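Report on the structure
The chain contents come next:
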Amino acid sequence: MQFSVMEKLIWVSTFSLNAVLVLVLLARGRWRQFPTLTLWLIFLLLRTLVLFVVYLHGSKYWYAHVYWVGASIDFALQLAVVFEIARIVLRPTGTWVHDARGYFATVGLAGILVAAVFARWVSPPSPDIAHRVWEIRGNLFTSLVICELFVVMTFTANRLGLAWRNHVMAVGQGLTAWSAVMVAKTAIQSFLGTRHLYIQVEYIRGVTYVAAVCWMIVQLWRDEPERQPISSDLQEYILALHKRVEYDLRRLDARH
Amino acid sequence: MLVYLLLGLVVAILLAAAIKTQVSALRVDRRSWQELVSGIKQIEVERITSVARDYLEPKEGQISLEPADMWLMLGGREGLRRMRENARVMLLLAAYAQQWNFDESIIVTERMRRDAVHLRRAIRRIEIALTFHKVMRGSATLIPFHLHEAASAYYLMRQRLLALYQTSHAGLYPRLAEVL
């Protein structure tokens, strides 16, 4: 297997930035709010290391096996991350906000069904490497599901007037951007197959992931700003109101 | 080829929805109390209250209010649209109060969300009935019931929000009462 310079660059950047993000999550104590995200990132690091070792010493057969097992665990953990964010946003008090669970579950399941139909229906032109067809189908299914779940979750939260705090917002934005690019990438690959622009489209996905992780690192490093109880304008308004009340009270006292 | 056209359409919708929902979430998070309050649309509160109380507090002659009068009192289609938009802002205002009075606010907001569900459902049914009244003849006869439900849900949301601000932030209460 030969990798291009760009592929190696994206690989190294992804690994290093994932490691930095894990360090930020641990050092700043954010892992308490995002335990599944932390676990997923640690898994990605370990998977990269294992794949690297297999790449250096193992065979093509073992590399493919480790890759597919890793991809399955990766998808399960990605789903868990979506539900972790949903739990933070849609269950602010530990119980599901009314109307959120039903809506999220119904639309989410419908989306999974649609994704499964498309993944089975597409036939990417890839006559030379048979397993690539299933790789594209698998990627199309997982990316459609993850992106759709992120959209449904954000839509549900907005519809119910649930405000997002900074950290969960950053994680949501980063992963939504990445999953949206993943969807576009896999849709293009399912149409063009493995012969045209396959690697170039992979680069776009890689660069987007690197950008998303950078964004999450910066935002998770920063503390969430304490919301000002009231703005300066409102403070002035309240002070003026109190003065007015005091003045009125004095006038009333003077009359009696 | 059809599958790729459909897939392209689904992907385009998904990408547009991803951008739109993220932008909306950002807007919700960054809006100040003043900005939220300025989003409240002007509405004939007394008339809505009359329709709601006619339903919630039954008295003698409880069927005297005519459907046509109710429709006018709620401001017709435009009035219903404003009620729905105001309900959304009222929810955000209730959620905003969590920073001063978390315990009460979280419960009141949840109650208001349930009211908002009833409000949206009633308005949706009215819209469906108005659009398809020629096909679904029976649906138009249910409009007065939905009008009562919409008015009651809005009235309850307003009362809950005002009561919440009365206990959690008396300083902001007068301004809120003024716009609501």
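Everything discussed here concerns the structure shown above.
A brief look at the structure comes next. Everything numeric in this text was worked out from a predicted model, so none of it was measured.

Some words on the side chain of A:Gln219
- Mapped onto the fold, A:Gln219 is located in helix 7 (residues 198–221).
- In contact with A:Gln219, not counting residues within four places along its chain, are A:His167 and A:Ala170.

Quick notes on helix 4 (residues 100–121) of chain A
All names here are of chain A.
- In a regular helix each residue adds 1.5 Å, so 22 residues correspond to 32 Å; helix 4 covers 31 Å between its end C-alpha atoms and thus fits that length.
- When helix 4 is considered as a whole, its buried residues turn out to be Ala100, Phe104, Gly108, Gly111, Ala115, Phe118 and Ala119. Projected onto a plane normal to the axis of helix 4, the buried residues spread over an arc of 95° and lie on a single side. Across helix 4 from its buried face, at more than 90 degrees, point the exposed residues Thr106, Leu109, Leu113 and Arg120.

Side note on the packing of aromatic side chains
Residues and elements named next belong to chain A.
- If you walk through the whole model with that rule in mind, you get 11 aromatic pairs over all chains.
- Taken together, a centroid distance of 5.2 Å and an interplanar angle of 50° make the contact between tryptophan 11 and phenylalanine 52 tilted. Here tryptophan 11, found in helix 1 (residues 5–27), pairs with phenylalanine 52, found in helix 2 (residues 35–57); they are 41 residues apart in sequence, far enough to count as distant.
- Exposure remark for tryptophan 11: the relative accessible area of 34% places this residue in the partly exposed category.
- These aromatic residues form a ring-pair network of at least three members: Trp40, Trp178 and Tyr209.
- The ring of tryptophan 221 has arginine 28 lying over it, and the distance from NZ or CZ to the ring centre is 4.6 Å.

With respect to the pattern of salt bridges
Residue and element names in this part refer to chain B.
- Per the stated rule, a full pass over the model turns up 16 salt bridges over all chains.
- Salt-bridge contacts for glutamate 57 lead to arginine 53; the nearest nitrogen and oxygen are separated by 3.1 Å.
- According to the relative accessible area criterion, arginine 53 is partly exposed, its value standing at 38%.
- Salt-bridge contacts for glutamate 85 lead to arginine 81; the nearest nitrogen and oxygen are separated by 2.5 Å. Residue glutamate 85 and its partner arginine 81 are both found in helix 5 (residues 76–96); the two are separated by 4 residues, about one turn of the helix.
- For glutamate 85, a relative accessible area of 24% gives the class partly exposed.
- The network of salt bridges with common partners includes Lys41, Glu78, Arg81, Arg82 and Glu85.

Conventions used here
Residues numbered from 1 in each chain as written. Chains lettered and ligands numbered in written order. Predicted model: local features only at pLDDT ≥ 70, side-chain atom pairs only at ≥ 80, totals over all residues. Heavy atoms only, no water. Helix = DSSP H or I, 4+ residues; strand = E, 2+ residues; numbered from the N terminus. Contact = heavy atoms within 4.5 Å. Expected span 1.5 Å × (residues − 1). Buried < 20%, exposed > 50% of the residue type's maximum accessible area, 1.4 Å probe, protein only. Arc of directions from axis to C-beta. Phe/Tyr/Trp six-rings, centres within 6.5 Å; stacked < 30°, edge-to-face > 60°. Lys NZ or Arg CZ within 6 Å of the ring centre and 35° of its normal. Salt bridge = Lys/Arg side-chain N within 4 Å of Asp/Glu carboxyl O.

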